[in-house]
Amino acid sequence: MTSVGKSGRSSTGLPVGMSVELDPEVVVKPDGTVFGGSPARLFRLNPAGQEAFSQLRSGVVGTAAAAALARRFSDAGLVHPQRQGLPAENEGRPARRETVTVVVPVRDRAAELERCLAGLGAGEQEAVAEVIVVDDASHDPAAVAAVAQRHGARVIVRTVNGGPGPARNEALKQVGTPLVAFLDSDCLPSEGWIDDLVGHFDDPLLAAVAPRVVAGGRAARTFAERFTQARPVLDLGGLPARVAPLSRVSYLPTAALILRREALEDVSGHRGFDEDLRFGEDVDLVWRLLEAGWRVRYDPSVEIGHEDPSAWKDLLRRRFAYGTSAAALEQRHPGKVAPLVAVAAPVSTVAALLARRPVLAAVTFAAGYADSWMALKKAGTDPDDLLRPLAVGVRETFFGIGRWTSQFALPVAVAVAAVPGNRRRGRLLAAAALVVAPPVREWLRDKPDIDPVRWTAAVLMDDAAYGAGVWAGSFRRRHFRAVRPSWKWRLLGSVTRSR
């Protein structure tokens, strides 16, 4: 696996011969303009750029020019490298079992560990060099050791519980393979998941890749289990992505994650995870890798099962705990934890619609349209077909504000809406529509086996638990940027010209 110095990471193209796939949401216009990515941008291609782009659309990086464009487009989220890698160069490489060590941190939960290691052993005997189980000060270490022994895993025992970050760091000191796969004990690995994902590391700049984490296969007995099977906490969706803050996929959980050990050493030596973070240590590591110039990818074509808590109170407690990390992450990575990216014109339009001011809404929408039209015209791009993306922007802004309100400002919204006055009924209806719309849209889209009323109530409780955790962490640190939306002026972002 090739090493690339930090100074060359921004200019290194994708390898020639690598398979790529165009993002399903990309729009290619007749004038050579490509629209898409996350956040959305317009790329204006000159003839040479259009020729290189035609190679990418065919599915293979064929020339140095196409490799350079593929890197730029993959960084922007318009193109996704495929895990098939470089067939011509795979010959003569070390066997996969010599390149990956699996690390499983655990505290008790011997039954979950049994299922995890059984699933891992079912399809990965030839894929990994070693499996290391880190016992993070279990109350019954003998049970953990017995499970590990049955599955041929080595055990490292910690005498003081420190959480998953320190446990993984303990294992990293003894990992000698180029790649390390972190797997949580409550995961149910699918057959061949490691072998499927390691092909991504043919990209020399890739630091980490993760599969999609979906609901485990157990039968749902409780309402909490039915809810989490329909809405898994760690599921980042079905679309591939380059991971980047404030984009479609802004982080990766370490429930199932494969990393390049060289990249870990580049950003933190052998320390790996920040041991001062009890939660959010995985988000912090991913963002440090990105800040150092490495790339991180999400590949939902590979799936891993994950078992969430079966009791509702335990589920909400976990969501609260996840939220407490937001303020610490914002302090370490300023500007990257924004819970809502608010754009001027769509926010103004939504506010006018909620206030039942249709004329004002039309004026603000027209102002946003005119601003985007002039920006595109100035950049030399044909500003046609603006109506649809701007309308979608208004729609998504409405749902985004609703989600932000249910997480961070629901009591305030209810209190303001309930203030006596002539418009009280209208304010109550507007507030209800705002917070209820996101879970109702989810229900209509996913058709869960839960009636819409209980589904909506459950989503709002889940959001409120996470938001309460964010507020708690913010008060503890006296740092409140993690609850504050970020602002930008224009919806469509920038126009980039090919070189």
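These numbers come from a predicted model, not from an experiment.

## Comments concerning a nonpolar patch on the surface
So, point 1. Taken together, the side chains of Val-359, Leu-360 and Val-363 make up a nonpolar region of the molecular surface, amounting to roughly 290 Å² of accessible area.
So, point 2. Within the secondary structure, Val-359 is located in helix α14 (residues 358-378).

## What about the packing of aromatic side chains?
So, point 1. Within this structure, the stated rule accounts for eleven aromatic pairs.
So, point 2. Ring geometry for Phe-227 and Trp-312: centres 5.4 Å apart, planes at 75 degrees, overall edge-to-face. In this pair, Phe-227 is assigned in helix α8 (residues 223-230) and Trp-312 in helix α11 (residues 312-323), connecting sequence segments 85 residues apart.
So, point 3. Seen from their ring centres, Trp-404 and Phe-408 are 6.2 Å apart, and the 50 degrees between their planes marks the pair as tilted. Of this pair, Trp-404 and Phe-408 both sit in helix α15 (residues 387-417), separated by four residues, roughly a single helical turn.
So, point 4. Three or more aromatic residues joined by ring pairs make a cluster, and in this case those are Phe-223, Phe-227, Trp-312 and Trp-455.
So, point 5. Above the face of the Phe-182 ring, Arg-168 is positioned so that its terminal group lies 5.9 Å from the ring centre.
So, point 6. Directly above the ring of Phe-399 sits Arg-441, whose terminal nitrogen or CZ lies 3.8 Å from the centroid.

## Considerations on a positive patch on the surface
So, point 1. Residues Arg-356, Arg-357, Arg-423 and Arg-425 make up a contiguous surface patch of positive charge.
So, point 2. Considering the arrangement of structural elements, one finds Arg-425 in helix α16 (residues 424-446).

## Some points on α14
So, point 1. With 21 residues, α14 ought to run about 30 Å at 1.5 Å a step, and its terminal C-alpha atoms sit 30 Å apart, in line with that.
So, point 2. Of all the positions in α14, only Ala-361, Thr-364, Gly-368, Asp-371, Ser-372 and Leu-376 are classed as buried. One side of α14 holds all its buried residues, which, seen down the axis, span an arc of 130 degrees. Those residues of α14 that are exposed and angled more than 90 degrees off the buried face are Val-359, Met-374 and Lys-378.

## Some thoughts on the side chain of His-306
So, point 1. Its location among the elements puts His-306 in strand β14 (residues 295-306).
So, point 2. According to the relative accessible area criterion, His-306 is buried, its value standing at 4%.
So, point 3. Here Asp-186 takes part through its side chain, which lies 3.2 Å from a polar atom of the side chain of His-306.
So, point 4. Polar contacts involving the side chain of His-306 include one to the side chain of Asp-308, which spans 3.4 Å.
So, point 5. The residues contacting His-306, other than those within four sequence positions of it, are Asp-186, Cys-187, Val-213, Val-214, Ala-215, Gly-216, Leu-234 and Arg-318.

## Re the pairing of strand β8 (residues 154-158)
So, point 1. Relative to β8, strand β7 (residues 130-136) runs parallel, the two sharing five bridges. The residue of β8 that forms the bridge with Asp-135 is Val-157.
So, point 2. In terms of handedness, the path from β7 via helix α5 (residues 141-150) over to β8 forms a crossover that is right-handed.

## Section: the layout of surface pockets
So, point 1. Taken as a whole, the second largest pocket spans an internal volume of roughly 410 Å³.
So, point 2. Lining the second largest pocket are 18 residues, and of these Leu-354, Ile-401, Thr-405, Ala-413 and Leu-434 sit closest to its centre.
So, point 3. Counting only elements with at least two residues in the lining of the second largest pocket, the list comes to α13 (344-354), α15 and α16.
So, point 4. No other element matches the eight residues that α15 contributes to the lining of the second largest pocket.
So, point 5. Split by residue class, the lining of the second largest pocket holds 16 nonpolar, one polar and one charged.

Rules used in this analysis
Residues numbered from 1 in each chain as written. Predicted model: local features only at pLDDT ≥ 70, side-chain atom pairs only at ≥ 80, totals over all residues. Heavy atoms only, no water. Patch = residues over 30% accessible without salt bridge, like charges linked within 9 Å, V, L, I, M, F, W, Y side chains within 5 Å. Areas by Shrake-Rupley, 256 points an atom, 1.4 Å probe, with all protein chains shown as cover. Salt bridge = Lys/Arg side-chain N within 4 Å of Asp/Glu carboxyl O. Helix = DSSP H or I, 4+ residues; strand = E, 2+ residues; numbered from the N terminus. Phe/Tyr/Trp six-rings, centres within 6.5 Å; stacked < 30°, edge-to-face > 60°. Lys NZ or Arg CZ within 6 Å of the ring centre and 35° of its normal. Lys, Arg positive; Asp, Glu negative; His and termini not counted. Charge placed at Lys NZ, Arg CZ, Asp CG, Glu CD. Expected span 1.5 Å × (residues − 1). Buried < 20%, exposed > 50% of the residue type's maximum accessible area, 1.4 Å probe, protein only. Arc of directions from axis to C-beta. Polar contact = N/O pair within 3.5 Å; in protein donor to acceptor, adjacent residues only side chain to side chain. Contact = heavy atoms within 4.5 Å. Pairing = 2+ DSSP bridges. Right-handed = clockwise from strand over helix to strand, strands pointing away. 1 Å grid on protein atoms, 1.4 Å probe; cavity = no way out; pocket = protein on both sides within 12 Å on 5 of 7 lines; lining within 4 Å. Points joined across faces, edges and corners; volume = space filled by probe spheres on them. Nonpolar A, V, L, I, M, F, W, Y, C, P; charged D, E, K, R; others polar.

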